[in-house]
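An overview of the molecular structure
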Amino acid sequence: TTSKVNKVSHDYNNLILSLPRENGCETQYMYFFHGFWCPSTLIQSVNSFQNNFHAKDSDIVVASIPKSGTTWLKGLAYAIVNRQHFTSLENNHPLLLFNPHELVPQFEVNLYGDKDGPLPQIDVSNMTEPRLFGTHMPFPSLPKSVKESNCKIIYICRNPFDTFVSYWIFINKIRLRKSLTELTLEESFERYCKGICLFGPFWDNMLGYLKESIERPDRVLFLKYEDLKEDVNFHTKRIAEFVGIPFTQEEENNGVIENIIKLCSFESMKEIEGNQSGTISGDIEKEFYFRKGEIGDWANYLSSSMVEKLSKVMEEKLNGSSLSF
Ligand code: A3P
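Residues numbered from 1 in each chain as written. Predicted model: local features only at pLDDT ≥ 70, side-chain atom pairs only at ≥ 80, totals over all residues. Heavy atoms only, no water.

1. Observations concerning the confidence of the model for the protein
Scored by pLDDT, the protein has a mean of 91; 94% of the residues are at 70 or more. Predicted as a complex, the structure gets a pTM of 0.95 and an ipTM equal to 1.00. (pLDDT = per-residue confidence, 0-100.)

2. Focus: the site of the ligand
In the neighbourhood of the ligand, 18 residues make up the surrounding shell, with T70, T71, S166, K292 and G293 lying closest. In isolation the ligand exposes 570 Å². Once the protein is present, 97% of that is buried. Contributing elements (two or more residues each) for the shell around the ligand: helix 3 (70-81) and helix 15 (266-271). Tallying contributions element by element places helix 3 first for the shell around the ligand, with three residues. Here the shell around the ligand is built from residues that sort into seven nonpolar, seven polar and four charged. (Near = heavy atom within 4 Å. Areas by Shrake-Rupley, 256 points an atom, 1.4 Å probe, with all protein chains shown as cover. Helix = DSSP H or I, 4+ residues; strand = E, 2+ residues; numbered from the N terminus. Nonpolar A, V, L, I, M, F, W, Y, C, P; charged D, E, K, R; others polar.)

3. Observations concerning the sheet that holds strand 5 (residues 132-135)
With parallel pairing, four strands are arranged side by side in an open sheet as 5-4-6-7. Strand pairing shows two members of the sheet lacking a second neighbour, strand 5 and strand 7 (220-224), which therefore form its edges. Recorded for the sheet is a direction-independent mean angle of 20 degrees between the axes of neighbouring strands. Bridge count for strand 4 (residues 60-64) against strand 6 (residues 152-157) is five bridges, and the pairing is parallel. Across the sheet, the residue bridging to A63 is Y155, located in strand 6. Sitting on the sheet, helix 12 (residues 232-242) is in contact with strand 6 and strand 7, with an inclination near 165 degrees to strand 7. (Pairing = 2+ DSSP bridges. Axes fitted to C-alpha atoms, helices over the stretch in contact; angles between N-to-C directions. Contact = heavy atoms within 4.5 Å.)

4. A look at the nonpolar core
Counting 63 residues, the largest nonpolar core has F53, I153, F202, Y209 and L310 as the members making the most contacts within it. Among the elements that line this core, the one with the most residues is helix 8 (residues 160-177), at seven residues. For Y209, the contacting residues outside a window of four places in its chain are A63, T135, M137, P138, F139, L142, I153, Y155, V220 and F222. Grouped together as the second largest cluster of nonpolar side chains are 40 residues, W72, L221, Y225 and L228 included. (Core = buried A, V, L, I, M, F, W, Y, C linked by side-chain atoms within 4.5 Å. Buried < 20%, exposed > 50% of the residue type's maximum accessible area, 1.4 Å probe, protein only.)

5. Digging into the packing of aromatic side chains
By the definition in use, this model includes 20 aromatic pairs. Linked through ring pairs, F49, F53, F107, Y112 and F133 together constitute an aromatic cluster. When the ring centre of F325 is taken as reference, the NZ or CZ atom of K224 above it lies at 5.2 Å. Cation over ring: K229 sits above W72, and NZ or CZ is 5.9 Å from the ring centre. (Phe/Tyr/Trp six-rings, centres within 6.5 Å; stacked < 30°, edge-to-face > 60°. Lys NZ or Arg CZ within 6 Å of the ring centre and 35° of its normal.)

6. Quick look at the side chain of E212
With respect to the helices, strands and loops of the structure, E212 is situated in helix 10 (residues 202-215). Although E212 lies buried, it forms no salt bridge, and the closest oppositely charged side chain, R219, sits 5.0 Å away as judged by the N-O distance. For E212, the contacting residues outside a window of four places in its chain are F139, P217 and V220. (Lys, Arg positive; Asp, Glu negative; His and termini not counted. Salt bridge = Lys/Arg side-chain N within 4 Å of Asp/Glu carboxyl O.)

7. Thoughts on the pattern of salt bridges
Under the counting rule described, the total for this entry stands at 14 salt bridges. One salt bridge in this structure joins E129 and K56, with 2.8 Å as the shortest N-O distance. Of the two residues, E129 is situated in the loop between helix 6 (107-111) and strand 5 and K56 in the loop between helix 2 (43-52) and strand 4; the sequence distance between them amounts to 73 residues. Among the ionic pairs, E316 bridges to K317, the shortest N-O distance being 3.8 Å. Sharing partners across several salt bridges, the network here consists of E22, E187 and R191.

8. Brief notes about the sheet that holds strand 1 (residues 21-23)
If you trace the three strands from one edge of the open sheet to the other, you get 1-2-3, paired in antiparallel fashion. Each having just a single partner strand, strand 1 and strand 3 (36-39) make up the two edges of the open sheet. Strand-to-strand, the axes of this sheet are offset by a mean angle of 35 degrees, without reference to chain direction. In the sheet, strand 1 pairs with strand 2 (residues 29-33) via three bridges, with the strands oriented antiparallel. Pairing of R21 across the sheet is with Y31, part of strand 2. Where helix 2 meets the sheet, it contacts strand 2 and strand 3, and its direction lies at approximately 30 degrees from that of strand 2.

Quick look at the structure:
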């Protein structure tokens, strides 16, 4: 088996060498593979996920491009779906002990990687239904099994200005831990405008799910971070309805919705002990997932020419879609 393993990694090394490559993520390089940019550590698992995963109609998938509010949405989805198990928010609610990324595993990171590799792997066969998963992959790149099943996909995106700033800061925090050089705001911004960012181009990632949500609204719920911020109560109810377990009048009267919102709020998530130390997916500090959680922080970072440039990119790429920020 050793020679088989070597053969596999040899084939992957050759594949990786043949792909377009760019600097600018938390590892040395990211590669353009199956229509999106990803680090070399995920190439084998993306392939394996595409070839081996069997979706169930009861599966629920939280999809996003990084830094769009994934952690928040994973928390809300987990709390909504599992609410019958945790009727009161005592100290033992999983969201008070764990980070949402630990409760909602990411297909391409936690399911199909190299079992001896650096990333922790989980066994899907042991998961209780409905199974909750996460992904950053664009819709067209998902396995046929996911695209063709009746599983529910909840997608979140965020205005590209804030997403970019959050991404740049996040990547640099990880790079610093790994003793890699920091990326300048300017170089990262230039790449972002060309679509070169993890799981990007951002417009393809957003538009793929948007299209699906318009064509099959029962399958894909398309959300925006800003909308959730504006009325999280409304969207929490919407998510519950979408996954087929709407809140009852009794639950509403008992404050179940408010409790879930509070449990998943930025302030409470940032403070819980489970998020104070430790890492996720091998090497990302949990605390890196909680920075400011605000809308409009980009104004503290981007120059007026940058704002003009990214506005033009958005106009060009999102033009003709119903998506605006
Ligand atoms: P900022 O860097 O702008 O603060 P993701 O979860 O997709 O990685 O996105 C991370 C962004 O969401 C970060 O944005 C982070 O602070 C914010 N965030 C994390 N948890 C949140 C929560 N519970 N509510 C609102 N925003 C949250």
